[in-house]
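Reading the structure
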Amino acid sequence: MDINELKSIPLVKLKGIGEKSALPFQKVGIETLYDLLYYFPRSYQSYQAPVLISEIYEGYTGTICATVCNDYFQKDFRGKTITTVSVADETGKIGLTFFHLKYLRQLLKPGTQFCFYGTVSRRGNHLHMDQPQIVNPQEYDGLMKTMQPVYSLCKGLSSNAIKKAVKQTFADFGDLAEPYSEDFLVRYGLSTLKTSLKRMHLPEEMDVLLEARKRLVFDEFYQFLLAIKESKEENN
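This text gives an overview of the structure that appears in the document. None of these values were measured; they are calculated from a predicted model.

This brings us to the pairing of strand E7 (residues 126-130). The sheet contact formed by strand E5 (residues 92-99) and E7 spans three bridges and is parallel. Residue pairing for E7: Gly 95 is matched across the bridge by His 128. Sheet topology places strand E6 (residues 113-123) next to E7; four bridges connect them, and they run antiparallel. Across the sheet, Arg 122 pairs through a bridge with Leu 127, a residue of E7.

Written as structure tokens, this is what we have:
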């Protein structure tokens, strides 16, 4: 499939995306599968190894792995659901606060262990995390081996939703034709278009991300040169 064919395939062709769920994508300019694949992350998040609670401090951003304590509390305040709970490891204890997440009672059961990623603040004499990301310890091991994309978003759209749609696109429509010959790729040290687009969204490390960027920057410059050449030929 030629990459330009994706310009005529609407986002709703993906499984799990209907007219309603496509609206947040449209607000950021994503209407077709082509738009989606060229909607690149604005940055990437690298997950480091978890630290002990005794090692964190005000302003620290990172991950702790801790056990949920038996002080779960949830209340509704001015139309907002506010959940507070403490978690602890062998070195200390920290409070967590979540907003608009009523289902947490079923997830954060006393004695269960999770990894919590967020920024540490101070409340009085105690450290605290607001709205940390909750990750299963086994899943977190996988996150540490990759760079996670961070996209420009709008209300109702998450980076995970975009990442899921990108993966679905490659699964269903990912047989993309390479416009350059193999000799051309070797001559200029370029990765394939399909590989480059995948690595822009889901890079495993910085080196492959830089290779992907090199290919896409080359494409822009090459198309620019072709446009100049065609313009000159038309004027002659």
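After that view, the rundown keeps rolling.
What follows is about unusual backbone geometry. One non-glycine residue, His 100, adopts positive backbone phi at about 60°. Within the element layout of this structure, His 100 appears in the loop between E5 and helix H3 (104-107). Under the relative-accessibility criterion, His 100 is labelled exposed at 54%. Non-glycine residue Gln 131 carries a positive phi angle of around 50°. Positionally, Gln 131 belongs in the loop between E7 and strand E8 (133-135).

With that settled, the discussion passes to the nonpolar core. One broad trend across soluble globular proteins is that nonpolar side chains are buried collectively. Ranked by internal contacts, the top residues of the largest apolar core, which has 29 residues, are Leu 11, Phe 25, Leu 36, Leu 37, Ile 162 and Leu 197. Of all the secondary-structure elements, those providing two or more residues to this core are helix H1 (19-27), helix H2 (33-37), helix H5 (159-173), helix H7 (193-201) and helix H8 (206-235). Ignoring sequence-local partners within four residues, the contact set of Phe 25 consists of Leu 11, Ile 17, Ile 30, Leu 36, Leu 157, Ala 161, Ile 162 and Ala 165. With 20 residues, the next largest nonpolar core counts Ile 56, Ile 64, Val 68 and Ile 94 among its residues.

Our next topic: the state of the cysteines. Taken as a whole and judged by the stated rule, the model has one disulfide. A sulfur-sulfur distance of 2.3 Å marks the disulfide that ties Cys 65 to Cys 115. A torsion of 55° about the S-S bond marks the disulfide between Cys 65 and Cys 115 as right-handed. Of this pair, Cys 65 sits in strand E2 (residues 61-68) while Cys 115 sits in strand E6, and the two are 50 residues apart along the sequence. In this structure Cys 69 is not part of a disulfide, and its nearest cysteine sulfur, from Cys 65, lies 14 Å away.

What follows is about the pattern of salt bridges. Inspection of the entire model under this criterion finds five salt bridges. With its nearest N and O atoms 3.1 Å apart, the salt bridge here joins Arg 215 to Glu 178. Within this pair, whereas Arg 215 is found in helix H8, its partner Glu 178 is found in the loop between H5 and helix H6 (182-188), the two being separated by 37 residues in sequence. Judged by relative accessible area, which is 0%, Arg 215 ranks as buried. Residue classification places Glu 178 among the partly exposed residues on the basis of a relative accessible area of 26%. Arg 215 is paired through a salt bridge with Asp 219; the nearest N and O atoms lie 2.9 Å apart. Separated by four residues within a single helix, Arg 215 and Asp 219 lie in helix H8, roughly one turn from each other. Exposure remark for Asp 219: the relative accessible area of 13% places this residue in the buried category. The network of salt bridges with common partners includes Glu 178, Arg 215 and Asp 219.

The next point concerns the packing of aromatic side chains. Enumeration over the complete set of coordinates arrives at 15 aromatic pairs. For the ring pair Tyr 39 and Tyr 151, a centre distance of 6.2 Å and an interplane angle of 15° mean the geometry is stacked. Taken as a pair, Tyr 39 in the loop between H2 and strand E1 (43-46) and Tyr 151 in the loop between strand E9 (147-150) and H5 lie far apart in primary sequence, 112 residues in all. A relative accessible area of 17% places Tyr 39 in the buried class.

Below, the discussion takes up H5. Given 3.6 residues per turn, any residue in an α-helix points the same way as the ones three and four places further on. Look at H5: 21 Å from first C-alpha to last across 15 residues, which is about the 21 Å you get at 1.5 Å a residue. Inspection of H5 places Ser 159, Ile 162, Lys 163, Ala 165, Val 166, Thr 169 and Phe 170 among the buried residues, and these make up the whole buried set. On an axial view of H5, the arc spanned by its buried residues comes to 160°, and they lie on one face. Residues of H5 that are exposed and angled more than 90 degrees away from the buried face: Asn 160, Lys 164 and Ala 171. Where H5 is buried, its residues touch H1, H2, E9 and H7.

Calculation notes
Residues numbered from 1 in each chain as written. Predicted model: local features only at pLDDT ≥ 70, side-chain atom pairs only at ≥ 80, totals over all residues. Heavy atoms only, no water. Pairing = 2+ DSSP bridges. Helix = DSSP H or I, 4+ residues; strand = E, 2+ residues; numbered from the N terminus. Buried < 20%, exposed > 50% of the residue type's maximum accessible area, 1.4 Å probe, protein only. Core = buried A, V, L, I, M, F, W, Y, C linked by side-chain atoms within 4.5 Å. Contact = heavy atoms within 4.5 Å. Disulfide = S-S within 2.5 Å. Salt bridge = Lys/Arg side-chain N within 4 Å of Asp/Glu carboxyl O. Phe/Tyr/Trp six-rings, centres within 6.5 Å; stacked < 30°, edge-to-face > 60°. Expected span 1.5 Å × (residues − 1). Arc of directions from axis to C-beta.

Function cannot be read off these values alone, since they describe shape.
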